[in-house]
Amino acid sequence: MKLVRAIRALFDSDHGASDRLGPRWIFLRALGCIYFSAFFSLVFQIRGLIGPQGILPAGEYLQAVARSFGYARGLWFAPTLFWLSSGPHMLIAVSWVGMIASLLLVLNVWPRGSLLACFLCFLSFVTAAQDFSGYQSDGMLLEAGFIALFFAPAGFRPGLGAASPPSRASLFLLQWEWFRIYFESGVAKIAGGDPEWRQYTAMDEYYQNGPLPTWIGWYVQHLPHWFHAATVFATLALELGLVWMLFLPRRWRIVCFLIVTPWEVGVILTANYTFLNYLVLALGFLLLEDRILLRFLPQKWKKLFEAPGSSTDAQELEQSGSQAPRGFSRHFDTLKLYLAGIFLTWIFYATTAELLWMFSTVPLPTTPIETLEPFRIANRYGLFGIMTRGRYEIEFQGSDDGKTWVAYPFRYKPQDINKPPGIYAPYQPRFDWNLWFASLGSWRDYSIVPKTEVRLLSNDRDVLDLFANNPFPKKPPHQVRAVIWQYWFTTMPEKRAQGLWWRRQFLGLYAPAIEREPDGTYRGVEWPAADQRE
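Residues numbered from 1 in each chain as written. Predicted model: local features only at pLDDT ≥ 70, side-chain atom pairs only at ≥ 80, totals over all residues. Heavy atoms only, no water.

Undergrad: Mind laying out the overall build of the protein chain, listing which residues take part and the relevant values?
TA: Helix and strand content of the protein chain: 23 helices and five strands. Its C-alpha radius of gyration of 26 Å places the protein chain within 12% of the 24 Å reference for a compact globule of 534 residues. In terms of overall dimensions, the protein chain has C-alpha extents of about 85 × 55 × 50 Å along its principal axes. In the protein chain, the proportion of contacts linking residues at least 24 apart, taken out of those at least 6 apart, comes to 75%. Within the structure as shown, the protein chain displays about 24800 Å² of accessible surface, and the carbon and sulfur contribution to it stands at 62%. Positive and negative side-chain charges of the protein chain, numbering 49 and 43 respectively, have mean locations separated by a distance of 6 Å. (Helix = DSSP H or I, 4+ residues; strand = E, 2+ residues; numbered from the N terminus. Rg over C-alpha atoms; globule rule 2.2 N^0.38 Å. Contact = heavy atoms within 4.5 Å. Areas by Shrake-Rupley, 256 points an atom, 1.4 Å probe, with all protein chains shown as cover. Lys, Arg positive; Asp, Glu negative; His and termini not counted. Charge placed at Lys NZ, Arg CZ, Asp CG, Glu CD.)

As structure tokens, this is what we get:
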């Protein structure tokens, strides 16, 4: 009986945290907005990324999975709705279903059903997107979205959900995710061995070398070294020390919230990390309790929090529950309770093991962790363990004669030295984002570069939509190449004198130039060193 009481205390909504209705309401609305931003960005990109004529077609990938594992094991290895179809209409349909479900979540319409639809649609993309997914931000959203299925109130229009408070286990696991994002990132900075964190120089060029800088980051970059050294110290202190306030009494959690919230706002303004920091910001509200929020609400809204157990809806639910036959309904509720206990305990074990392994090789069973891996709901985090020491940008160029080269303009990433870096987050331009990672390695490790070259040689519309416009609208170029530049922020005097935000230096070819033959085949073109300068 003690075990049953413990299970109910942790996983049963009837014994949930009735003092967290307001923070839950805020978090779920924010989660819906974050999901919406993720699906909204996919509507404009998904066909060019993984469509049949895209850079990394999902259909070809799933066929390769089926050949390697068979369909039965392949479904578990790659859980995605695109097994049904990976055509352009299916890709867009999944994106739109995800957008509609996220809007319903924002409007508080059937939260659990909306969350399930959002999770399945986003998991379908992340699973099939190959190199265009698998970022830590994707794992964060899937983990938070899955746990939120047990955190959200029941019902079609639940309001604050007074009749079904958040279970204590789901609340803790969302707070646990928030803690791990910070703490594991701090551990990664120390364990990664990057001397810049130990020498307090990690932030000196951080604002210009990230994937997609902002114009605010341009100005912050020019602050003196002591400011950047102070932010290094503050980052480590926050990630390794301050976040432990989560486990302290309420007043300490409030202090923690008041520190990390403006910190996240500052990160959002100075760098475009898609929806990552928005999600961390939203998770931070779970540090609060209703009594804190009540101080900032109008008097008429405070009534919603007063004695939630005595509300009309709650009374009706309680009365109907006491009069209804227990039979099947009772067994079904018990089954849901034990399923929640299994899944949430499983996630806690997997995430705790991942955290412990950052310090030592503790001999723990790995099968439960490996089983969950395809679903990305129990992850290890570690942001900025190694700092980028230069900004390199890949640029695609086309030519009709092999002498005059015209650049394909990007929508979001730095290219025009006269254009200020924008603020795009939470929108995620996955193509531009991936090219930043590719610029730090070899084209042999990033097949998206030569595959993009091939698509440009045929003026593929879906891939061209990933660019700002097509410099060859009448017919595709005869040759396409990928070159690489190094970029720096201009200095304050340079900007005042010339109005430039960037300066850059041409470094040469990044990937072999590709030429389309009359028979429709492609061949690489070698270029002498003299042709690699501009």
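Undergrad: Explain a nonpolar patch on the surface to me, and be specific about the residues and the numbers.
TA: A cluster of nonpolar side chains, contributed by F328, F332, L335, L339, I342 and F343, occupies part of the molecular surface with about 610 Å² of accessible area. As for its placement among the helices and strands, L339 is situated in helix α18 (residues 327-356). Using a relative accessible area of 39% as the deciding quantity, one classes L339 as partly exposed. (Patch = residues over 30% accessible without salt bridge, like charges linked within 9 Å, V, L, I, M, F, W, Y side chains within 5 Å. Salt bridge = Lys/Arg side-chain N within 4 Å of Asp/Glu carboxyl O. Buried < 20%, exposed > 50% of the residue type's maximum accessible area, 1.4 Å probe, protein only.)

Undergrad: Before we move on, could you go through the pattern of salt bridges and cite the residues and values that matter?
TA: Tallying each qualifying case throughout the model produces 17 salt bridges. For E289, the salt bridge is made with R253, and the minimal N-O distance between the two is 2.6 Å. Placement of the pair is E289 in the loop between α14 (276-284) and α15 (290-294) and R253 in helix α13 (residues 250-270), with a sequence separation of 36 residues. By relative accessible area, E289 is classed as buried at 8%. Residue classification places R253 among the buried residues on the basis of a relative accessible area of 10%. In this structure, the salt-bridge partner of R380 is E354, at a minimum N-O distance of 3.4 Å. In this pair, R380 is assigned in the loop between α19 (367-372) and β1 (391-399) and E354 in helix α18, connecting sequence segments 26 residues apart.

Undergrad: So, the sheet that holds strand β2 (residues 406-407): which residues are in play, and what are the values?
TA: Pairing is antiparallel across the open sheet formed by five strands, whose spatial order is β2-β1-β3-β4-β5. With partners counted over all chains shown, the strands left at the sheet margins are β2 and β5 (522-525), one partner each. Against the sheet, helix α20 (residues 430-439) engages β1, β3 (479-489) and β4 (502-516), with an angle of about 110 degrees to β1. Those strands touched by helix α21 (residues 448-456) are β1, β3, β4 and β5, and its axis lies near 70 degrees from that of β4. (Pairing = 2+ DSSP bridges. Axes fitted to C-alpha atoms, helices over the stretch in contact; angles between N-to-C directions.)

Undergrad: Before we move on, could you go through the environment of I423 and cite the residues and values that matter?
TA: Along the chain, I423 falls in the loop between β2 and α20. The spacing of I423 and A271 is 152 residues in sequence and 7.6 Å in space, taken between C-alpha atoms. Ignoring sequence-local partners within four residues, the contact set of I423 consists of T214, W215, I216, L269 and N272.

Undergrad: Let's hear about the side chain of K495: which residues, and what values?
TA: One can find K495 in helix α23 (residues 492-498). If we skip the residues at most four places from it in the chain, K495 touches W218, Y219, T490, L500 and W501.

Undergrad: For α20, give the residues involved together with the corresponding values.
TA: Here α20 lies mainly inside the structure; nine of its 10 residues are buried. Among the residues of α20, R430, F431, D432, W433, N434, L435, W436, A438 and S439 are the ones counted as buried.

Undergrad: Describe unusual backbone geometry, with residues and values.
TA: In this structure, the amide linkage connecting A425 to the following residue, P426, adopts the cis form with an omega of 10 degrees. The backbone of T274 sits at a positive phi, close to 50 degrees, despite the residue not being glycine. Summarising the element assignment, T274 is placed in the loop between α13 and α14. When its relative accessible area of 3% is taken as the criterion, T274 is described as buried.

Remember that the coordinates give geometry; whether it matters functionally is a separate question.
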